[in-house]
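# Summary of the model geometry
What follows is each chain in one-letter form.
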Amino acid sequence: MDKNKIKKIIYMDYAATTPVAIEVKKEMEKYWSKIYGNPSSLHSLGRMAREAIDNARSRIAKILNCGTDEVIFTAGGTESDNLAIFGVAHKYKDYGKHIIVSKIEHHAILRPCEVLEKEGFEITYLDIDKDGIVNLEKLAKSLRKDTILVSIMYANNEIGTIQPISEIAKIISDFKFRMQNERKTLPLFHTDACQAAGFLDLNVKNLGVDLMTLNGSKIYGPKQIAILYKKSGVKLEPLIYGGGQEFNLRSGTENLPLIVGLAKALELVEKNKKFEVKRLTKLRDYFIKKILKLIPQSILNGHAIKRLPNNINVSILGVEGESVILMLDDYGICASTGSACNSKSLEPSHVIMALGKAEAKEIAHSSIRFTLGKFTNKKEINYVLKVLPGIIERLRSISAITAKK
Ligand SMILES: *Cc1c(COP(=O)(O)O)cnc(C)c1O
């Protein structure tokens, strides 16, 4: 980045991760070197640590409207997702080996499913419609006697699409009711709520889920800390064995500062949710409208309304998403692209490919994601709107020249 060109960073990549809130840092502070006891120790320092964990757990349980014994701390969203998928699969494999997920799940869900396929499980990858919403009819038809788990994300990390979680829960519970004679508890329903946590309802009773993942990294909390909500009565096979912490489901000395930080972060986003959703929705819609107007041949990816208030994902045809991101970076603007690039291959985003549009590959390679957050304001958006058209024009004229050669 050219230091002379910019005065400050304009961060529009809040879906990748968020800065840790000052209040969160402050709350964590004393648990590094003052109250550092092992929560399993019987002495006073250990008991103080135990109390702090219990307190954090009950504050989180209150927000999720669940019991304290239903909140499991793990070391991140990826681990919670893995625990949900492998935990259910390995615990309930004698009842069936069929699992249903959507095609647009995070890799923390899809990769474990690929591993399970090698173990002999059968995975149904559900289609989404052109706006990115899971097809509920297909979901209902995919449920089988041997289905042990359905995992559908609450909101997508790339295109921000919000799935109808409580409707999906209803379809699953209706199916269970019909199957009642054989099995009461299966299939279980997990949702990955990492992206949703800052904006949507987290009441697990309203949602009707058995398992739910949410992490600190996306809600102004620390990274490498998350919870897996697990409805009481649901069994899981652990991923990690040892001292039996976290109800025997996640052994290892608890990471007290991060746990305390997660509780504070969740309380803060919960408190500001209503206001932030309203504020960001307005900014999002302004941003989308302007981009589509200012830049010819640009299209919105994902649903226009059923999307996270902070997500803008557009494809600008004829340019590579990566090139746009790098040029935006020259202006201090941090955005993202769906297509994960490594030195050998340019893999198009599985999410945008799943939208099933004509020219899907081109749309995927030209996609850019701006995700807004608590420090985003209209001035920042206007700045991006000022520089973006010029960047696109330059990139398009470069590719026109190379095409002629
Ligand atoms: C970020 C994210 C994850 C992974 O969480 P980590 O805490 O980075 O391991 C999983 N699912 C979704 C939807 C995410 O956005």
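Above this note sits the structure.
Residues numbered from 1 in each chain as written. Predicted model: local features only at pLDDT ≥ 70, side-chain atom pairs only at ≥ 80, totals over all residues. Heavy atoms only, no water.

## Description of the overall build of the protein chain
- In terms of helices and strands, the protein chain carries 13 helices and 12 strands.
- A compact globule built from 405 residues would reach a C-alpha radius of gyration of about 22 Å, and the protein chain, at 22 Å, matches this within 12%.
- Taken across its 405 residues, the protein chain has 56% of its residues classed as buried.
- Considering only intrachain contacts with a sequence separation of at least 6, the fraction spanning at least 24 residues in the protein chain is 73%.
- As presented, the protein chain carries roughly 18,700 Å² of accessible surface, and 54% of it is formed by carbon and sulfur atoms. (Helix = DSSP H or I, 4+ residues; strand = E, 2+ residues; numbered from the N terminus. Rg over C-alpha atoms; globule rule 2.2 N^0.38 Å. Buried < 20%, exposed > 50% of the residue type's maximum accessible area, 1.4 Å probe, protein only. Contact = heavy atoms within 4.5 Å. Areas by Shrake-Rupley, 256 points an atom, 1.4 Å probe, with all protein chains shown as cover.)

## Thoughts on the environment of Tyr92
- The residue Tyr92 is located in helix H4 (residues 77-92) in this model.
- C-alpha of Tyr92 to C-alpha of Gly67: the two residues are 25 residues apart in sequence and 23 Å apart in space.
- Tyr92 has contacts with Ile148, Leu186, Leu188, Gly233, Val234 and Lys235, leaving out every residue within four places of it along the chain.

## Here we look at the sheet that holds strand S10 (residues 311-316)
- Taken together, the 3 strands give an open sheet; going across it, the order is S9-S10-S12, and neighbouring strands pair in antiparallel fashion. With partners counted over all chains shown, the strands left at the sheet margins are strand S9 (298-300) and strand S12 (367-371), one partner each. Each strand axis lies, on average, 30° off the axis of its neighbour in the sheet, ignoring direction.
- In this sheet, S10 lies alongside S9 in antiparallel orientation, the contact comprising 3 bridges. By the bridge assignment, Ile299 is partnered in S10 with Ser315.
- Sheet contacts for helix H9 (residues 256-294): S9, S10 and S12; angle to S10, the most-contacted strand, approximately 10°. (Pairing = 2+ DSSP bridges. Axes fitted to C-alpha atoms, helices over the stretch in contact; angles between N-to-C directions.)

## Describing the pattern of salt bridges
- Tallied over the full model, the rule gives 21 salt bridges.
- Between Arg250 and Glu79 there is a salt bridge, with the nearest N and O atoms lying 2.6 Å from each other. Pair noted here: Arg250 is in the loop between strand S8 (226-230) and H9 and Glu79 is in helix H4, with a separation of 171 residues, a long-range link. Across this residue pair, the class does not change: Arg250 and Glu79 are buried.
- Within this structure, Glu27, Arg59, Lys264 and Glu267 form a network of salt bridges that share partners. (Salt bridge = Lys/Arg side-chain N within 4 Å of Asp/Glu carboxyl O.)

## What to know about the packing of H4 against helix H5 (residues 107-118)
- Contact geometry for H4 and H5: axes closest at 8 Å, N-to-C directions at 30°. In this view, H4 runs roughly parallel relative to H5, as classed from their interaxial angle. Seen from above, H4 lies across H5 with right-handed handedness. Counted together, Thr78, Asp81, Asn82, Ile85, Phe86, Ala89 and His90 of H4 and Ala108, Ile109, Pro112, Cys113, Val115 and Leu116 of H5 form the full contact between these two elements.
- Split into classes, the residues belonging to the contact of H4 with H5 amount to 9 nonpolar, 3 polar and 1 charged. (Parallel < 35°, antiparallel > 145°, perpendicular 65-115°, else oblique. Left-handed = near helix turned anticlockwise from the far one by under 90°. Nonpolar A, V, L, I, M, F, W, Y, C, P; charged D, E, K, R; others polar.)

## Here we look at H5
- An ideal rise of 1.5 Å per residue puts 16 Å on 12 residues; H5 measures up with 17 Å between its terminal C-alpha atoms.
- Buried within H5 are the following residues: Ala108, Ile109, Leu110, Pro112, Cys113 and Leu116.
- Where H5 is buried, its residues touch H4, strand S3 (98-102), strand S4 (122-126), strand S5 (147-151), strand S6 (188-192) and helix H11 (350-354).
- Gly120, located one to two residues past H5, shows a positive phi value of around 100°. (Expected span 1.5 Å × (residues − 1).)

## Topic: the side chain of Asp13
- With respect to the element layout, Asp13 can be found in the loop between strand S1 (10-11) and helix H1 (22-28).
- Apart from the residues within four sequence positions on either side, Asp13 is in contact with Cys334, Ala335, Ser336, Arg369 and Thr371.

## Description of the site of the ligand
- Around the ligand, the neighbouring residues are Gly76, Gly77, Thr78, Asp81, His106, Met153, Asn157, Asp192, Cys194, Gln195, Asn215 and Lys218.
- For the ligand, an oxygen atom lies 2.9 Å from a polar atom in the backbone of Gly77.
- Here Thr78 contributes a side-chain N or O atom positioned 2.6 Å from an oxygen atom of the ligand.
- With 3 residues, the top contributor of residues to the shell around the ligand is H4. (Near = heavy atom within 4 Å. Polar contact = N/O pair within 3.5 Å; in protein donor to acceptor, adjacent residues only side chain to side chain.)

## Quick notes on helix H10 (residues 321-330)
- When H10 is considered as a whole, its buried residues turn out to be Gly321, Glu322, Val324, Ile325, Met327 and Leu328.
- Where H10 terminates, the next one or two residues include Gly332, which has phi positive at roughly 80°.

## Some points on the environment of Thr161
- Tracing the chain through its elements places Thr161 in the loop between S5 and helix H7 (165-178).
- Between the C-alpha atom of Thr161 and that of Leu45, which follows or precedes it by 116 residues, the distance is 45 Å.
- Sequence-distant contacts of Thr161, that is, excluding residues within four places in its chain, are made with Asp131, Gly132, Ile133, Tyr154, Ala155, Asn156, Gly302, His303, Lys306 and Arg307.

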